[in-house]
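Letter by letter, the chains look like this.
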Amino acid sequence: SVVDRHVLARGSQQKVVNNIIRKSKEETPDLIILTPTCTSSILQEDLKNFVYQASLSAEMDILLADVNHYRVNEFQAADQTLFQ
């Protein structure tokens, strides 16, 4: 997704939470996995709070894949996520 000046100033919480809620209504998945991005890591966003806020309105499970993308590759990240 595009990082604009508003995201840099306020963070991406509202955008991410709104997207999770929208997807939950459009697709009705059993699970949504939220993964950190470079931007969320650089901005040190509280992704656990994103999951909490989205879970108040969404009707499915939401899991935070709590992995550090700077220290592991995508296969290691997938393994750590599934282990959680």
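Fair warning: this is a prediction, and the values are worked out from it, not measured in the lab.

### Here's the deal with the side chain of S40
Looking at the element boundaries, S40 is found in helix 3 (residues 38-42). Judged by relative accessible area, S40 falls into the buried class, the value being 9%. Beyond its immediate stretch of four places on either side in the chain, S40 contacts E45 and L47.

### Brief notes about the pattern of salt bridges
Applying the stated criterion to the full structure yields three salt bridges. Among the salt bridges present, the one from R22 reaches E26, with a minimum N-O distance of 3.2 Å. In this pair, R22 and E26 are both assigned in helix 2 (residues 13-27), four residues apart and thus about one turn of the helix distant. Taking the shortest distance from any N to any O, the salt bridge between E27 and K23 comes out at 3.5 Å. Of the two residues, E27 and K23 both sit in helix 2, four residues apart, roughly one turn of that helix. In this structure, a network of salt bridges that share partners links the residues R22, K23, E26 and E27.

The rules behind each value
Residues numbered from 1 in each chain as written. Predicted model: local features only at pLDDT ≥ 70, side-chain atom pairs only at ≥ 80, totals over all residues. Heavy atoms only, no water. Helix = DSSP H or I, 4+ residues; strand = E, 2+ residues; numbered from the N terminus. Buried < 20%, exposed > 50% of the residue type's maximum accessible area, 1.4 Å probe, protein only. Contact = heavy atoms within 4.5 Å. Salt bridge = Lys/Arg side-chain N within 4 Å of Asp/Glu carboxyl O.

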